[in-house]
Amino acid sequence: FLEAAIESDLITNGAVAQDGSQFQAFWRIREGVPEALTTYKAMYKYDLSIPLEPMYDLVEEMRSRVEDKALVVGYGHLGDGNLHLNLVADAYSEELTCLIEPYVYERTSALGGSVSAEHGLGQMKAHCIGYTKGSMAVSLMGLMKKTLDPQGILNPYKVLPANAMMGN
């Protein structure tokens, strides 16, 4: 995978850990990114799945959209197309929120991605699934959830939008 990505100019620079201590050092850097971003008062976080080739395009597009209103940081997993997109600012504002949403969801959909990656939808973003999944797929997910959890005791209303859990 890595060799093919380098040969196709998808990756232009990088490093591969040569041993366990180097791997741990790389991982500390990766884990330090979200920690460093906590120094800002406002943080908009997105856990997206996007095809590999256009993955970083969304980061660049968001930088152009928000200009100096936020710092845009993108990192993730090349192997599975998972992009952690974080926008941080000194304060939350309606203007900044409107520059980000729903654009980030619409663009993710246009790139053939998903608004949910390794961390799932969660409680705050369950309503966004419709940007990248059709109503039939969401209904099927609701039916599966009801079948596997008929009492609704496993993460109620934190996995799917409430309307996916009604009817069926």
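Residues numbered from 1 in each chain as written. Predicted model: local features only at pLDDT ≥ 70, side-chain atom pairs only at ≥ 80, totals over all residues. Heavy atoms only, no water.

Draft legend 1. Summary view of the pattern of salt bridges. Going through the model one piece at a time under the given rule, you end up with six salt bridges. Glu 31 is the salt-bridge partner of Arg 30, the closest N and O atoms lying 3.5 Å from each other. For Glu 31, a relative accessible area of 37% corresponds to the partly exposed category. For the salt bridge of Arg 107 with Glu 61, the shortest nitrogen-to-oxygen distance reads 2.7 Å. (Salt bridge = Lys/Arg side-chain N within 4 Å of Asp/Glu carboxyl O. Buried < 20%, exposed > 50% of the residue type's maximum accessible area, 1.4 Å probe, protein only.)

Draft legend 2. Quick look at the side chain of Thr 132. Note that Thr 132 resides in the loop between helix H6 (122-125) and helix H7 (135-148). A distance of 3.2 Å separates a polar side-chain atom of Thr 132 from the backbone nitrogen of Val 115. Ignoring anything within four residues of it in the chain, the contact list for Thr 132 reads Thr 108, Ser 109, Gly 113, Ser 114 and Val 115. (Helix = DSSP H or I, 4+ residues; strand = E, 2+ residues; numbered from the N terminus. Polar contact = N/O pair within 3.5 Å; in protein donor to acceptor, adjacent residues only side chain to side chain. Contact = heavy atoms within 4.5 Å.)

Draft legend 3. Spatial organisation of the sheet that holds strand E3 (residues 82-89). Strand order in the open sheet formed by three strands is E1-E3-E2, with antiparallel pairing between adjacent strands. Bordering the open sheet on either side are strand E1 (42-49) and strand E2 (71-77), each of which pairs with just one other strand. Across the sheet, the axes of successive neighbouring strands diverge by a mean angle of 15°, strand direction being ignored. In terms of strand pairing, E1 meets E3 through eight bridges, oriented antiparallel. Directly across from Lys 45, in E3, lies its bridge partner Asn 86. Here helix H3 (residues 55-66) sits on the sheet in contact with E1, E2 and E3, set at roughly 15° to E3. (Pairing = 2+ DSSP bridges. Axes fitted to C-alpha atoms, helices over the stretch in contact; angles between N-to-C directions.)

By themselves these figures say nothing about function.
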